[in-house]
Amino acid sequence: MNSAVTQTEDAGAGASAAPTAEVLGTSAAQARSAVLEELIRKDPGQFRVLTGDRPTGRLHLGHFFGTLHNRVRLQDLGVELFVVIADYQVLTDRDVADDLIRHVEELVLDYLAIGVDPARSTIFTHGAVPALNQLMLPFLSLVSVSELNRNPTVKDEISHSRQSAVSGLMFTYPVHQAADILFCKANLVPVGQDQLPHLELTRTIARRFHDRYGSGTVVFPQPEALLSSAPLLLGTDGTKMSKSRNNAITLAADVDETARLIKGAKTDSERHISYDPATRPEVSSLLLLAALCQGRTPEQVAADIGSAGAAALKKVVTESVNEYLAPIRARRAEYGQDRAHLRDVLRAGNERARAVADATLAEVRAAMNTCY
Ligand code: TRP
């Protein structure tokens, strides 16, 4: 992967907070992540990964090449994978909350289509796991209001949100996210740069829990960030690919819709196609997309096209994307026929998550001396 055009995965609302990267120790996290990758290859069985998404709609190619394929890679290497569908993180978004079940099902569909295997991995909604949510209370006792106030990602999200008031849930969601991670004692969290402050808080909570309530036994591990560099894919309008900007190619889009979206994508007026992310971001992003789908470099794709112009480039991109996504889309269509199966996958995942959370909560109660 070409590191000249990378951003960290999951770089969501917080991506614009890039200047804080050094403060948050991104380069240290990157170096540590390389070591972790080595350890994973040697002994995947010692890792448990927790990762997840907000159920806000269908996943797109930016998500896919940014984070989703990495999860399947880890699963297939033999790492135990927990995927949380963070339904409590979208309660304040009215458009989503009004039709939550459909949004949740769309996520399950996308997960199954890309190869998350419910026989090996656990897909669950945190709203269905009471003991996970109960962890929130002792965890809240371990953080100060000013610490929450300082969280750069929350600050950023609040400043970008369309809501007039900040709810308590929004303010405290990083603590809830710590519960998502710690209930299953995950020791590895694949994150983007914007999520690093949350992971740092999770580590702080794990440490303070031990100091305050530990009585010698370690209940929670100190989870580590697996920071992977992911390609920066632009949307069809040349800005960051994002559902809310209507510039995304979703995994679920059909062949014709994909062709139409790519046909309308922004390019530039130079006929010779070259890969130069700094001066030709739109053309380069299209080349990168084709390259990711073809398993080649963007330079190679550019050389194939030469002076044939933007129309030829778009034809190549469309064919590459449609070919690459064909099996994923076929699986998505197949699973989509069977809603009962989706519910079953979720029910089984929730049940498993509840068993794990109940066991953890029992340990927490014992550590806190609150077994009545
Ligand atoms: N906040 C994450 C996002 O917006 C989703 C999420 C919820 C998550 N809980 C998590 C990610 C725990 C990692 C770990 O993408």
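What counts, and at which threshold
- Residues numbered from 1 in each chain as written.
- Predicted model: local features only at pLDDT ≥ 70, side-chain atom pairs only at ≥ 80, totals over all residues.
- Heavy atoms only, no water.
- Helix = DSSP H or I, 4+ residues; strand = E, 2+ residues; numbered from the N terminus.
- Rg over C-alpha atoms; globule rule 2.2 N^0.38 Å.
- Buried < 20%, exposed > 50% of the residue type's maximum accessible area, 1.4 Å probe, protein only.
- Areas by Shrake-Rupley, 256 points an atom, 1.4 Å probe, with all protein chains shown as cover.
- Lys, Arg positive; Asp, Glu negative; His and termini not counted.
- Charge placed at Lys NZ, Arg CZ, Asp CG, Glu CD.
- Salt bridge = Lys/Arg side-chain N within 4 Å of Asp/Glu carboxyl O.
- Near = heavy atom within 4 Å.
- Polar contact = N/O pair within 3.5 Å; in protein donor to acceptor, adjacent residues only side chain to side chain.
- Nonpolar A, V, L, I, M, F, W, Y, C, P; charged D, E, K, R; others polar.
- Phe/Tyr/Trp six-rings, centres within 6.5 Å; stacked < 30°, edge-to-face > 60°.
- Lys NZ or Arg CZ within 6 Å of the ring centre and 35° of its normal.
- Pairing = 2+ DSSP bridges.
- Right-handed = clockwise from strand over helix to strand, strands pointing away.
- 1 Å grid on protein atoms, 1.4 Å probe; cavity = no way out; pocket = protein on both sides within 12 Å on 5 of 7 lines; lining within 4 Å.
- Points joined across faces, edges and corners; volume = space filled by probe spheres on them.
- Axes fitted to C-alpha atoms, helices over the stretch in contact; angles between N-to-C directions.
- Parallel < 35°, antiparallel > 145°, perpendicular 65-115°, else oblique.
- Contact = heavy atoms within 4.5 Å.

Q: I'd like a rundown of the overall build of the protein, residues and numbers included.
A: Each helix and strand in the protein was counted, giving 14 helices and seven strands. For a compact globule of 372 residues, the expected C-alpha radius of gyration is about 21 Å, and the protein comes in at 21 Å, within 12% of that figure. With respect to the principal axes defined by its C-alpha atoms, the protein has extents near 75 × 50 × 45 Å. Taking all 372 residues of the protein together, the buried fraction comes to 50%. Approximately 16700 Å² of the protein is accessible, and the part contributed by carbon and sulfur atoms is 52%. Once the 39 positive and 44 negative side-chain charges of the protein are each reduced to a mean point, those two points are 2 Å apart.

Q: An account of the pattern of salt bridges is needed here, citing residue identities and associated values.
A: Within this structure, the stated rule accounts for 23 salt bridges. Across the pair Asp 76 and Arg 120 runs a salt bridge whose closest N-O atoms are separated by 3.3 Å. With Asp 76 in helix 2 (residues 61-77) and Arg 120 in the loop between helix 4 (100-114) and strand 4 (122-125), this residue pair connects regions lying 44 residues apart in the sequence. Here the residues in one salt-bridge network are Arg 58, Glu 106, Asp 110 and Arg 332, joined through shared partners.

Q: Describe in detail the site of the ligand, supporting the description with residues and values.
A: Near the ligand, the surroundings consist of Leu 50, Gly 52, Arg 54, Val 84, Ala 86, Gln 89, Gln 177, Asp 180, Ile 181 and Gln 195. Within the side chain of Arg 54, a nitrogen or oxygen atom sits 2.9 Å from an oxygen atom of the ligand. Asp 180 has a polar side-chain atom sitting 2.8 Å from a nitrogen atom of the ligand. Across the complex, the protein chains shield 91% of the 360 Å² of accessible surface that the ligand would expose by itself. The greatest single-element share of the shell around the ligand, amounting to three residues, is contributed by helix 8 (residues 168-182). Tallied by class, residues from the shell around the ligand come to four nonpolar, four polar and two charged.

Q: Describe the packing of aromatic side chains, naming the residues involved and giving the relevant values.
A: Within the structure shown, the criterion is met by nine aromatic pairs. With 5.6 Å between their ring centres and 40° between their planes, Phe 65 and Tyr 324 make a pair best called tilted. Of the two residues, Phe 65 sits in helix 2 while Tyr 324 sits in helix 13 (residues 309-336), which places them 259 residues apart along the sequence. Residue Phe 65 is classed as buried on the basis of its relative accessible area of 4%. Between Phe 139 and Phe 220 the ring centres are 5.5 Å apart and the planes differ by 75°, which places this aromatic pair in the edge-to-face class. Of this pair, Phe 139 sits in helix 5 (residues 130-140) while Phe 220 sits in the loop between helix 9 (196-213) and strand 6 (224-227); the two residues are 81 residues apart in sequence, bridging distant segments of the chain. Comparing Phe 139 with Phe 220, the two get one shared label, buried. For Arg 54, the ring lying beneath its charged end belongs to Tyr 173, and the centroid distance is 5.0 Å.

Q: Please provide a residue-by-residue account of the pairing of strand 6, values included.
A: Bridge count for strand 5 (residues 188-191) against strand 6 is four bridges, and the pairing is parallel. The partner of Val 191 across the bridge, within strand 6, is Leu 227. As a crossover connection, the stretch from strand 5 through helix 9 into strand 6 is right-handed.

Q: Describe empty space enclosed by the protein, naming the residues involved and giving the relevant values.
A: All chains considered together, the criterion is met by three cavities of 30 Å³ or more. Approximately 120 Å³ is the volume found for the largest cavity. As for the largest cavity, its lining consists of 14 residues, of which Leu 234, Gly 235, Thr 236, Ser 285 and Leu 286 are closest to the centre. Ranked by the residues each element gives to the lining of the largest cavity, the list is headed by helix 11 (residues 281-294), at four residues. A class-by-class count of the residues in the lining of the largest cavity yields eight nonpolar, four polar and two charged.

Q: Explain the packing of helix 2 against helix 13 to me, using residue names and the numbers behind them.
A: Relative orientation of the contacting elements helix 2 and helix 13 amounts to 70°, with a least axis distance of 13 Å. The orientation of helix 2 with respect to helix 13, classified from their angle, is roughly perpendicular. Contacts from Leu 61, Phe 64 and Phe 65 of helix 2 reach helix 13 at Val 321, Tyr 324, Leu 325 and Ile 328. Its residues placed into classes, the contact of helix 2 with helix 13 shows seven nonpolar, no polar and no charged.

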